[in-house]
Amino acid sequence: MKRLSIKARVTIWYTLLVALIALLAAGVLFLSARRMMHNYYYETLTGTAQLALDDIRMEDGELDIDRDLDELPSVRVALFTTDGELIYGRVRFDLPFAEGEMRSATERSGEEWYVLDTRMEFDDAESIWLRCYISADAAANLSAIGMELAALILPALVILAGVGGYFIARRAFRPVTRIARTAESIIDGADLKKRIALEGARDELYRLAKVFDDMLDRLERSFERERRFTSDASHELRTPVAAILAQADFALSDLATPEDRMEALRDIRLRAGQMSTLIGRLLALTRMDAGQMRVELETIDLCDLAEVVAAQIEDGAAERNMTVLRALDGSVWAKCDQTMLTQALLNLAENAVKYGREGGYVRVGVHAQGGEARLVVEDDGPGIAPEAMPHIFERFYQGDSSRQAGGAGLGLSLVRLIARLHGGRVEAESAPGKGSRFVIVLPLEAEQ
Ligand code: ADP
């Protein structure tokens, strides 16, 4: 069976509840009105019986009735012997006598009466029954009016509750409908620019819509980043591939001398190496983004790690007449993935060699400060322009000098991701003309 919408369910429950409350209220009203009527009849009958008792006397075996009892207001009175023989008044129905208890009886004509019997005892004569009765018309009328009113008002109330409930539910659920429509139109048109932008009261639905909009903002940004990443990556790969193809075509042509071919091969080797680095970085970034990169943490001495990196850049530095300086006194311990952190520090050190001053220096240092381990790479190169500083950690951002050096702008973003994976951060300082200083900051471990 198709399930009802929340709107329909709310309306039905609301209507049922209103109907139930109305029924209960009508029942309570009806019962208390009946009770009031009952009390009124009882009191009228007992009052009248009291009056009648005062007016009836037995004198020398003869009944003496002071007043005409039939003139009593609204109550009829009759007197009977204990054998049920009528002495005074009228017999309206056949009902056995019972002392003090109010009962109802129906006359042959159909008229309803409330009846109260009182037994009168005399010293010198037989006792008699005083029967007082009052027409139950008013009570019957009250029931009839109550029924009529209930028959009219109840259905009207239920219809009103149903219609009103539906409109209230529809109004309350309008924002939900809007959220659903926006979601549908996004799915249909794959347009992540759409927003719900709910206005009005800052209630739960407003918050839901806001969360939805924020989620769309983030999704849109991440899709945009993804798109840019793919297009930048293809662009970065296309350049070396085009160069390799051109060099290979030239080397294969009849125009190329053996020396040209050797030169072309060397160029192809260089570009393929750059491509391999780029592909490696792309893979690492994507894996880290997807949370697939497993970090194998072990506590190591960062000075050993820095020494390995310093040694690795020696040859490259020598090619540019640069000196590799070390500031690695003692031991500084941190929990890290050795391979990843070596890669990060190597990226920084290679950048220092690439962008540093010909004949200058690269200083690799490690020290502990304020509960943090700091891996520092400094150079005395031309530095980074202040306007470029905010962008250097962005993916595929390259300074002008980088393009000649064959970079792709992924090194620093990898360094930052690796530092974050270790619960740390990267700091960068640079003064144009004076050099740059990059620091990987990690949580310090106690001496081992
Ligand atoms: P790549 O080196 O491949 O261009 P990176 O992400 O490693 O990419 O660096 C981004 C940019 O930051 C570089 O293009 C360069 O302009 C600048 N940069 C990085 N390190 C240094 C440095 N030591 N000195 C001067 N500029 C630097």
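Check the entry above for the structure.
Everything numeric in this text was worked out from a predicted model, so none of it was measured.

J.: Mind laying out the overall build of the protein, listing which residues take part and the relevant values?
T.: The number of helices and strands found in the protein is 9 helices and 14 strands. Against the globule reference of 22 Å for 448 residues, the protein gives a C-alpha radius of gyration of 52 Å, more extended than a compact globule. If you line up the protein on its principal axes, its C-alpha atoms span 160 × 60 × 35 Å. In the protein, 63% of the contacts between residues at least 6 apart in sequence involve partners at least 24 apart. Here the protein contributes 53 positive and 70 negative side-chain charges, whose respective centroids are spaced 12 Å apart.

J.: I'd like a rundown of the sheet that holds strand β7 (residues 128-135), residues and numbers included.
T.: As summarised here, the arrangement of the 5 strands in space is β4-β3-β7-β6-β5, forming an open sheet in which the pairing is antiparallel. Lying at the two open borders of the sheet, with one neighbouring strand each, are β4 (86-88) and β5 (103-106). When the angles between neighbouring strand axes are averaged without regard to direction, this sheet yields 40°. One ladder, built from 8 bridges, connects strand β6 (residues 112-120) with β7; its direction is antiparallel.

J.: Got a sec to walk through unusual backbone geometry? Specific residues and values, please.
T.: Phi at N321 is positive, roughly 55°, even though this residue is not glycine. Relative to the elements of secondary structure, N321 occurs in the loop between α6 (302-319) and β9 (323-327). Notably, F396 is not glycine yet its phi reads approximately 70°, a positive angle. Relative to the elements of secondary structure, F396 occurs in the loop between β12 (372-379) and α8 (400-405).

J.: Help me get a handle on the state of the cysteines, residues and values and all.
T.: Under the defined criterion, the tally for this structure stands at 0 disulfides. Summary of cysteine pairing: C303 is not part of a disulfide, and the nearest cysteine sulfur, belonging to C336, is at 12 Å. Here C303 falls in the buried class, since its relative accessible area comes to 4%.

J.: Give me the lowdown on the pairing of strand β14 (residues 435-443), citing residues and values where you can.
T.: Most of β14 sits inside the fold, with 7 of its 9 residues counted as buried. Pairing of β12 with β14, which is carried by 7 bridges, proceeds in the antiparallel orientation. Pairing of L375 across the sheet is with I440, part of β14. Across 7 bridges, the pairing between strand β13 (residues 425-431) and β14 is antiparallel. For E429, the partnering residue across the bridge sits in β14 and is R437. Hairpin connection between β13 and β14: a loop of 3 residues separates the two successive antiparallel strands, and G433 in this loop has a positive phi of roughly 85°.

J.: How would you summarise the pattern of salt bridges if you had to cite specific residues and measurements?
T.: When the charged atoms of two side chains with opposite charge come close together, those side chains can pair. Throughout the structure, instances matching the rule amount to 25 salt bridges. Across the pair K210 and D214 runs a salt bridge, and its minimum N-O distance is 3.3 Å. Taken together, the residues K210 and D214, both in helix α4 (residues 204-252) and 4 residues apart, mark about one turn of the helix. Note that E429 and R437 form a salt bridge whose closest N and O atoms lie 4.0 Å from each other. Under the relative-accessibility criterion, E429 is labelled partly exposed at 47%. According to the relative accessible area criterion, R437 is partly exposed, its value standing at 23%. Through salt bridges with shared partners, one network takes in K193, R195, D217 and E220.

J.: Explain the environment of G100 to me, using residue names and the numbers behind them.
T.: Mapped onto the elements, G100 comes out in the loop between β4 and β5. In this structure, the C-alpha to C-alpha distance between G100 and Y42, residues 58 residues apart in sequence, is 10.0 Å. The residues contacting G100, other than those within four sequence positions of it, are Y42, L116 and D117.

J.: An account of the sheet that holds strand β11 (residues 361-369) is requested, with residue identities and associated values reported.
T.: One open sheet accounts for 5 strands, arranged β9-β11-β12-β14-β13; its pairing is mixed. Of all the strands in the sheet, the pair left with one neighbour each is β9 and β13. Strand-to-strand twist in this sheet, taken as the mean axis angle between neighbours without regard to direction, amounts to 15°. Two strands pair when backbone bridges link them, and β9 and β11 are joined in this way by 5 bridges, in the parallel orientation.

J.: Go over the packing of α4 against helix α5 (residues 258-289), please, and point to the residues and values.
T.: Across the interface, α4 lies against α5 with an axial gap of 9 Å and an inter-helix angle of 165°. Comparing the axis directions of α4 and α5 gives the class roughly antiparallel. Pair α4 / α5 crosses with left-handed handedness. The class makeup of the residues in the contact of α4 with α5 is 19 nonpolar, 2 polar and 5 charged.

J.: Describe α4, and please don't skip the residues or the numbers.
T.: For an α-helix, 3.6 residues make a turn, and residues three or four places apart therefore share a direction. Here α4 spans 71 Å end to end across 49 residues, near enough to the 72 Å set by a 1.5 Å rise per residue. Buried within α4 are the following residues: Y206, A209, F212, D213, L216, F229, A233, E236, P240, A243, I244 and A251.

J.: Kindly report on the packing of aromatic side chains, identifying the contributing residues and their values.
T.: Applying the stated criterion to the full structure yields 8 aromatic pairs. Consider the rings of F80 and F97, whose centres lie 5.1 Å apart with planes at 55°: the pair is tilted. Residue F80 is located in strand β3 (residues 75-81), and its partner F97 is located in the loop between β4 and β5; the two are separated by 17 residues in the primary sequence. Given a relative accessible area of 23%, F97 falls into the partly exposed group. When the centroid spacing of 5.5 Å and the interplanar angle of 65° are considered together, the rings of F93 and Y133 count as edge-to-face. Here F93 is found in the loop between β4 and β5, whereas its partner Y133 is found in strand β7, with 40 residues between them in sequence. A single burial state applies to F93 and to Y133, both of which are buried. One aromatic cluster in this structure is built from Y40, Y41 and Y114. The lysine or arginine in question, R131, covers the ring of F80, its NZ or CZ lying 5.8 Å from the ring centre.

Cut-off values and rules
- Residues numbered from 1 in each chain as written.
- Predicted model: local features only at pLDDT ≥ 70, side-chain atom pairs only at ≥ 80, totals over all residues.
- Heavy atoms only, no water.
- Helix = DSSP H or I, 4+ residues; strand = E, 2+ residues; numbered from the N terminus.
- Rg over C-alpha atoms; globule rule 2.2 N^0.38 Å.
- Contact = heavy atoms within 4.5 Å.
- Lys, Arg positive; Asp, Glu negative; His and termini not counted.
- Charge placed at Lys NZ, Arg CZ, Asp CG, Glu CD.
- Pairing = 2+ DSSP bridges.
- Axes fitted to C-alpha atoms, helices over the stretch in contact; angles between N-to-C directions.
- Disulfide = S-S within 2.5 Å.
- Buried < 20%, exposed > 50% of the residue type's maximum accessible area, 1.4 Å probe, protein only.
- Salt bridge = Lys/Arg side-chain N within 4 Å of Asp/Glu carboxyl O.
- Parallel < 35°, antiparallel > 145°, perpendicular 65-115°, else oblique.
- Left-handed = near helix turned anticlockwise from the far one by under 90°.
- Nonpolar A, V, L, I, M, F, W, Y, C, P; charged D, E, K, R; others polar.
- Expected span 1.5 Å × (residues − 1).
- Phe/Tyr/Trp six-rings, centres within 6.5 Å; stacked < 30°, edge-to-face > 60°.
- Lys NZ or Arg CZ within 6 Å of the ring centre and 35° of its normal.

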